[in-house]
Amino acid sequence: MKSTPAPAPSSSSRRRTHSARPFASLLVALSLITSLAAATVPSLPMALLPRLRRAAFVGLRGGSNTDARRRSASCIAGAPLHRSIIEPPSSANLPSASLLSSTVRGRSDEASSRSAPRGGAPAEAERRPPASSTEEPAEPMSNYERLVRKLYLTNLYNPVKLGLENMGRLHAALGDPMDDPSVSVVHVAGSNGKGSVALKVAHTLQAAGYKVGLFVSPHISSFRERVQINGVPLTEGQVEEYLQEIYDICDREEIPATFFEVATALAFNAFKREKCDIVVLETGLGGRLDATNVIKSPALSIITSISLEHTRILGDTVEKIALEKGGIIKEGCDVLVGPNVPLEVMMQCADEKKASEVYTCEDLLGEDRSGAPEGDYSHVDYDVENSRIATAALILLQFQLATRALLEPGVEPKIIDPDQIAKGVEIRPPCRFEEMDVSKGRKIVRVVLDVAHNPQAIMCLASKLRSGYPTAPNVRIVVGMSSDKDLKACTLLLLDCVADPRKIHLVEASHPRAASVRSMLDANPMLVDSHYDAPGSDEVNEHGRDVSSVSTQVRKALEMAAKNDELLVVCGSIFIMADAREELGIEEPRDSKVISEVAGAGLRSSQENFGEVKR
């Protein structure tokens, strides 16, 4: 069945199309929204229906609705939605992604886990690394490896600069696919939770029968994770074809695109070529000047949370950062903000951009009964907050998608009932309190992977470990951090989890932003008795980093956890997770050595490496 996107009110052609329709047909369509609401969200506050109908009407007519954004207490009064949405399962019972109860056995076979290049020839699993990451490898590469390797090295030749000029030209050369009125775009920004919210929204819409494109960053094990269609990463063949087209455009139009701009254009091209109904985009950094922000009329803009991050680039106050994130708000489009967002700043952005309507989760779901007191992170489960934001987003999207469907002859709206939404938003991204069982000899070791990398997140991790494993007698931790984090505070919190520093394994990723083992020891001398590889004792890369640190310590920790019946936790920077997952035997697509050797040269998450760029 052909999907039906949300309106694109900023497009003059769409305004003319809808204006030509008899006014009565609009009233009929809008009146049907009330019936749809009764079937989809039976406990929706009745006082909220006029706002939804008004926003839908404004969107269909192509205008803005400044008055509709004026808030009053009466607009948010009323009963909450279905109880299962408002009060999701406790963190102890909330399942992670597909590996919650799975047992992982054996080491990953790189050649079998990666898709074969076009032509069916299997990719080589092992290659001798070159003397320099910028040189060609000593042995032949597949075309996929050559193209992705070129992408990782892009920023060495095209300096990063904030702005939309390059991306605007790329998008135009592709035919402006994200502004196609047949595609509904959900744009997600925020300091924390944006990747999780994007995944939850995409997953639920896919389950409802839509063809959904998802663009997220950074990846963990394979570059292809960044661009997914219906939950499946692009194949190597698709990347070869669609990425080469982007390179051809850059050459022909002389566009000095950066790593993240090329990756974003690749996603746009893939979603266009694969005819996605809905596209969910996660911003890379900020919002206003992010490469994803070339889109003109998203169906919904979501701001998940605001906190101090990348202050040199985004600003040194929460309010300044909020203004940057609020840059994704567009004229005539709905906006959803999470609970940890300065609402007045978002309202200011909405007024300036002439957005249709600004909603909070409380508007759609009622009072939040799961939150902890302000500043108390000991009982916070960020996944509950992310699920709540995603649930509210899906309710808003249903009204927009249903309104479009009612105006398209022969197309019926897809209805997602509250139980389907509650089930859909349970999904977690990898390494967000991801639980699995790993075989080690005759023992089964329970392993938790979590990218908790700052004091607040580690406090949350510790709380979830206590609630999820109250009877676990022993915990062993493998941790690697980024150098810009509070190493002393983070390691002190981890010591509270284990009591004995000999149950902690320190690692450093092969990445310029990784904190060295020495820096962690200097920050907290109590860790001197923990496990770690002495700097320089193993093979080092050109940056002097211990390339085998993660694998060595994960292997050692797994052996000791099996021997002592311990729970094994791997946490910290996302940059340690690829090596950790491989050592644990998780079978998934991962970059080959000729790709990872340049990805580890500081380009795995290039959109975050701005050097001395000025705002």
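Here the structure is shown first, and the text comes after it.
Calculation criteria
Residues numbered from 1 in each chain as written. Predicted model: local features only at pLDDT ≥ 70, side-chain atom pairs only at ≥ 80, totals over all residues. Heavy atoms only, no water. Helix = DSSP H or I, 4+ residues; strand = E, 2+ residues; numbered from the N terminus. Contact = heavy atoms within 4.5 Å. Core = buried A, V, L, I, M, F, W, Y, C linked by side-chain atoms within 4.5 Å. Buried < 20%, exposed > 50% of the residue type's maximum accessible area, 1.4 Å probe, protein only. Phe/Tyr/Trp six-rings, centres within 6.5 Å; stacked < 30°, edge-to-face > 60°. Axes fitted to C-alpha atoms, helices over the stretch in contact; angles between N-to-C directions. Parallel < 35°, antiparallel > 145°, perpendicular 65-115°, else oblique. Nonpolar A, V, L, I, M, F, W, Y, C, P; charged D, E, K, R; others polar. Pairing = 2+ DSSP bridges.

## Things to note about the environment of Met526
Line of reasoning, step 1. Along the polypeptide, Met526 turns up in the loop between α19 (517-523) and α20 (549-564).
Line of reasoning, step 2. Between the C-alpha atoms of Met526 and Leu492, which are 34 residues apart in sequence, the distance is 8.8 Å.
Line of reasoning, step 3. Not counting residues within four places of it along the chain, the set of residues in contact with Met526 comprises Leu492, Leu495 and Pro501.

## Considerations on the nonpolar core
Line of reasoning, step 1. Core analysis: the biggest nonpolar cluster contains 46 residues, and Tyr152, Leu170, Phe223, Phe268, Phe271, Val279 and Leu281 have the highest contact counts within it.
Line of reasoning, step 2. With 10 residues, helix α10 (residues 259-273) is the largest single contributor of residues to this core.
Line of reasoning, step 3. Every residue in contact with Phe268, bar those within four places of it in the chain, is listed here: Met167, His171, Leu174, Pro177, Met178, Leu281, Thr292, Val294 and Ile295.
Line of reasoning, step 4. Listed in part, the 36 residues of the second largest apolar core include Val201, Leu365, Ile389 and Ala392.

## Details of the packing of aromatic side chains
Line of reasoning, step 1. In the structure shown here, the tally under the stated rule is 3 aromatic pairs.
Line of reasoning, step 2. Their ring planes at 75° and their centres at 6.3 Å tell us that Tyr152 and Phe223 sit as a pair that is edge-to-face. Residue Tyr152 is located in helix α6 (residues 143-152), and its partner Phe223 is located in the loop between β3 (212-215) and β4 (227-229); the two are separated by 71 residues in the primary sequence.
Line of reasoning, step 3. What makes Tyr152 buried here is its relative accessible area of 0%.
Line of reasoning, step 4. Judged by its relative accessible area of 1%, Phe223 is buried.

## Examining the packing of helix α17 (residues 455-468) against helix α18 (residues 487-498)
Line of reasoning, step 1. Contact geometry of α17 with α18 gives a least axis separation of 9 Å together with a crossing angle of 10°. Here α17 lies roughly parallel to α18, going by the angle between them. Here Pro455, Ile458, Met459 and Ala462 of α17 lie close against α18, whose contacting residues are Ala489, Cys490, Leu493, Leu494 and Cys497.
Line of reasoning, step 2. Looking at the contact of α17 with α18 residue by residue, the classes come out as 9 nonpolar, no polar and no charged.

## Points about the environment of Cys490
Line of reasoning, step 1. The residue Cys490 is located in helix α18 in this model.
Line of reasoning, step 2. Overall, the relative accessible area of 1% leaves Cys490 in the buried class.
Line of reasoning, step 3. Between the alpha carbons of Cys490 and Ala452 there is a distance of 9.3 Å; along the sequence they are 38 residues apart.
Line of reasoning, step 4. Here Cys490 is in contact with His453, Asn454, Pro455, Ile458 and Met481, once residues within four sequence places are set aside.

## Some remarks on the pairing of strand β10 (residues 434-440)
Line of reasoning, step 1. When you tally the buried positions in β10, you get 5 out of 7 residues, the bulk of the element.
Line of reasoning, step 2. Turn length for the β10-strand β11 (residues 443-450) hairpin, with the two strands adjacent in sequence and antiparallel, is 2 residues, and the turn residue Gly441 shows positive phi of about 65°.

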